[in-house]
Amino acid sequence: MLTQLAISGYRSIRALTLGLRALNVVTGANGSGKSSLYRALRLLSETAQGRLVGSLAQEGGLSSALWAGPEQISRSMRAGEHPVQGTRRAGVVSLKLGFSTDDFGYAVDLGLPVGGPFPLDPEIKVEAMWAGQTVRPANMFAERRGPAVRLRRHATGEWRRLSTQLPPFDSMVTHCADPEDGLELLRMRDRMRNWRFYDSLRTDREAPARRPQVVTYTPVLASDGGDLAAALATIRAIGDRQALAEAVDDAFPGATLGIGGGDYGSVEMRQTGLLRPMSAAELSDGTLRYLLLIAALMSPRLPEIMVLNEPEASLHPQLLAPLARLLAKAAGQCQIVVVSHSEPLVEALRQGDDGATFRFEKEFGETKVDQDGGSSWSWPSR
């Protein structure tokens, strides 16, 4: 799992490093920077999909995604003796993202484009991948500077020049995973591609999860929840069927799930006192959303990391305690990051022994956090 997450120069985050654990909760007021952290994790994941530069361009380009405040906030600015204003820049314009695990670390440094036909596309200036949690020249095994990429030879440990013409919009993670000398790079790419995000589970009246669907092998719930019936049927077939029934009963005492309609069907819920099951089209938004969360968190093929943005949306307060238990159980099998506004959910999740809670707040427009676990982090130089 990720042990550290580092972000520099992204939106309201001027410089932030978090020490992560199995279950991580990010909370704070609106506008405190929670969404920026969520998006930063998505951008890191999209590096392994070849979509990093394109995603930033869709956000409005690097100039729209950069830290908007001054390069440094002086003591006199904080004391109100001088207005908050820009000064002569000492460093280059840069947006940096990175993480480390017990085994590997990775960092990418993006800067302003130099010419070219697409002014909104930032350029990848530097990338580095290393063994262990802290980057040092001795433990680095892949490095990109501008268009030049080099890898350490597997047999001798010497540097091997792999490319001198990598385009500024392509990452070495997707284009330089050589199976001989770049095996670690290949492994890390596959692991990053396995990260899973849920922030758009639909429960509106036209939500795909409410419609009948083909019930086929579906070990991973889609990002919009459109294959809910198939995902739940897969858990019942090859996952923990008993745990699924217990999770439903924990949230909705006495209720049971079924998949109606055969090979082309939808979710059905039987509840105490009703003579017929309720179809997915009839379920409330909160009930449907909770079933979507069950399908995501009880997947027979859990990822290394799952990130959920405001999972409590549209849930009744009585469902927050069962949701906390569901999240805590999933964190025993994969790393969980939860971004939440809900204080009851945050407090329920704080009870675990292997969790971390990060409370974000704004100070002079900058995201600050009450727990900082990144004292050992350092960035590769340009």
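The coordinates are above.
This text gives an overview of the structure that appears in the document. What you see as residue numbers is a count from 1 along each chain, following the sequence as written. Reporting in this predicted model follows two pLDDT cut-offs: at least 70 for local features of residues, and 80 or more for side-chain atom pairs to be given and counted; totals over whole chains, interfaces and linings ignore these cut-offs and use all residues. The basis for every side-chain value is the complete set of heavy atoms in the structure, and neither hydrogens nor water enter the calculation.

**With respect to the overall build of the chain**
Here is the rule: By definition, any uninterrupted DSSP run of H or I lasting at least four residues is a helix, any uninterrupted run of E lasting at least two residues is a strand, and each is numbered from the N terminus. The quantity called the radius of gyration is restricted to C-alpha atoms. Its globule counterpart is 2.2 Å times the number of residues to the power 0.38. We call two residues contacting when some pair of their heavy atoms lies within 4.5 Å. Charge counting follows a simple rule: Lys and Arg are positive, Asp and Glu are negative, and His as well as the terminal groups are ignored. Charge placement uses NZ in Lys and CZ in Arg. For Asp and Glu, CG and CD serve respectively.
Across its full length, the chain holds 11 helices and 18 strands. Computed over the C-alpha atoms, the radius of gyration of the chain is 23 Å, within 12% of the 21 Å expected from 2.2 N^0.38 for a compact globule of 382 residues. Based on the C-alpha atoms only, the size of the chain along its principal axes is roughly 70 × 60 × 45 Å. Counted over contacts in the chain with a minimum sequence separation of 6, partners at least 24 positions apart contribute 62%. Each charge sign in the chain was given a centre, from 43 positive and 43 negative side chains, and these centres are 3 Å apart.

**A few points about the nonpolar core**
This is how it is decided: Among buried residues, the Ala, Val, Leu, Ile, Met, Phe, Trp, Tyr and Cys ones that are joined through side-chain atoms within 4.5 Å form a nonpolar core. Each residue gets one of three labels from its accessible area relative to the maximum for its type: buried under 20%, exposed over 50%, partly exposed in between, using a 1.4 Å probe on protein chains only.
In terms of nonpolar packing, the biggest core is built from 52 residues, with Leu-41, Leu-95, Tyr-106, Met-129, Met-172 and Trp-195 touching the most fellow members. In terms of residues, this core owes the most to one element, helix α1 (residues 34-47), which gives six residues. Sequence-distant contacts of Leu-41, that is, excluding residues within four places in its chain, are made with Leu-2, Leu-5, Trp-195, Phe-197, Val-307 and Val-337. Listed in part, the 50 residues of the second largest apolar core include Phe-252, Val-267, Leu-288 and Leu-349.

**Here we look at the packing of aromatic side chains**
Quick reminder of the rule: Aromatic rings from Phe, Tyr and Trp, taking only the six-membered ring of Trp, are treated as a pair when their centres fall within 6.5 Å; an angle between ring planes under 30 degrees marks them as stacked, one over 60 as edge-to-face, and anything in between as tilted. For a Lys NZ or an Arg CZ to count as sitting over a ring, it must be within 6 Å of the ring centre and within 35 degrees of the ring normal.
Enumeration over the complete set of coordinates arrives at seven aromatic pairs. Seen from their ring centres, Trp-377 and Trp-379 are 5.4 Å apart, and the 75° between their planes marks the pair as edge-to-face. A relative accessible area of 11% means that Trp-377 is categorised as buried. The residue whose ring lies beneath Arg-150 is Trp-159, and the NZ or CZ to ring-centre distance is 3.9 Å.

**Brief notes about the side chain of Ser-340**
Heads up, the rule is: N or O atoms closer than or at 3.5 Å make up a polar contact, with two conditions inside protein: a donor-capable atom paired with an acceptor-capable one, and, for residues adjacent in sequence, both atoms drawn from side chains.
Within the element layout of this structure, Ser-340 appears in the loop between β16 (335-339) and α11 (343-349). Of the polar contacts made by the side chain of Ser-340, one reaches the side chain of Glu-312; its length is 3.1 Å.

**Some remarks on the pattern of salt bridges**
Formally: For salt bridges, the criterion is a side-chain nitrogen of Lys or Arg within 4 Å of an Asp or Glu carboxyl oxygen.
Under the defined criterion, the tally for this structure stands at 19 salt bridges. Close ionic contact of Arg-14 with Glu-366 constitutes a salt bridge, the shortest N to O distance being 3.3 Å. Highlighted residues: Arg-14 in strand β2 (residues 13-19) and Glu-366 in strand β18 (residues 366-369), separated in sequence by 352 residues. When its relative accessible area of 18% is taken as the criterion, Arg-14 is described as buried. A salt bridge links Arg-382 to Asp-109; the shortest N-O distance between them is 3.0 Å. Pair noted here: Arg-382 is in the segment after β18 and Asp-109 is in strand β5 (residues 104-111), with a separation of 273 residues, a long-range link. Judged by relative accessible area, Arg-382 falls into the partly exposed class, the value being 40%. The class of Asp-109 is buried, set by a relative accessible area of 5%.

**A look at the pairing of strand β15 (residues 305-309)**
Note the threshold: Between any two strands, at least two bridges found by DSSP are needed for them to pair. Orient the strands so they point away from the viewer; a crossover is then right-handed if the path from the first strand over the helix to the second runs clockwise.
Within β15, five of the five residues are buried, leaving the element largely enclosed by the surrounding structure. Side chains Ile-305, Val-307 and Asn-309 of β15 all project onto a buried face; the interleaved residues Met-306 and Leu-308 project onto the opposite face, where all are buried too. Across three bridges, strand β10 (residues 196-198) lies against β15 in parallel orientation. Within β15, the residue paired with Arg-196 across the bridge is Met-306. When β15 meets β16, the two strands line up parallel, connected through five bridges. Within β16, the residue paired with Met-306 across the bridge is Ile-336. With helix α10 (residues 320-330) bridging β15 and the parallel β16, this β-α-β connection has right-handed handedness.

**Re helix α6 (residues 183-193)**
Here is the rule we go by: Taken from the helix axis, the directions to the C-beta atoms give the arc we talk about.
Residues of α6 that are buried include every one of Leu-185, Met-188, Arg-189, Arg-191 and Met-192, and no others. Summarising the axial view, the buried residues of α6 lie within an arc of 165°, below the 170-degree limit, and thus occupy one face.

**Section: unusual backbone geometry**
One non-glycine residue, Arg-11, lies in positive phi territory at about 55°. Mapped onto the secondary structure, Arg-11 falls in the loop between β1 (2-10) and β2. Given the relative accessible area of 21%, Arg-11 is considered partly exposed. Even without glycine at this site, Glu-310 takes up a positive phi of about 50°. Mapped onto the fold, Glu-310 is located in the loop between β15 and α10.

**Things to note about the side chain of Asp-227**
Among the secondary structure elements, Asp-227 is positioned in the loop between β11 (213-214) and α7 (228-238). Those residues within four positions of Asp-227 in sequence are excluded, and the remaining contacts are Gln-213, Thr-218, Val-220, Leu-221 and Ala-222.

**Quick look at the sheet that holds strand β4 (residues 95-101)**
Cut-off, in case you're wondering: Under this scheme, a helix contributes an axis fitted over its contacting stretch, all axes are lines through C-alpha atoms, and angles between N-to-C directions fall in the 0 to 180 degree range.
If you walk across this open sheet you meet the eight strands as β2-β1-β4-β5-β6-β7-β8-β9, and the pairing is antiparallel. On the outer flanks of this sheet lie β2 and β9 (159-163), each paired with one strand and no other. Across the sheet, the axes of successive neighbouring strands diverge by a mean angle of 10°, strand direction being ignored. Bridge count between strand β7 (residues 140-145) and strand β8 (residues 148-152): four bridges; the pairing is antiparallel.

**Focus on the sheet that holds β16**
Spatial strand order, β10-β15-β16-β3-β17-β18: six strands in an open sheet with mixed pairing. If you trace the sheet from one side to the other, it starts and ends with β10 and β18, each paired once. Across this sheet, the average inter-strand angle for adjacent strands is 20°, counted without regard to direction. Here strand β3 (residues 23-28) pairs with β16 via four bridges, running parallel. Paired with Asn-24 across the two strands is Val-337, which belongs to β16.

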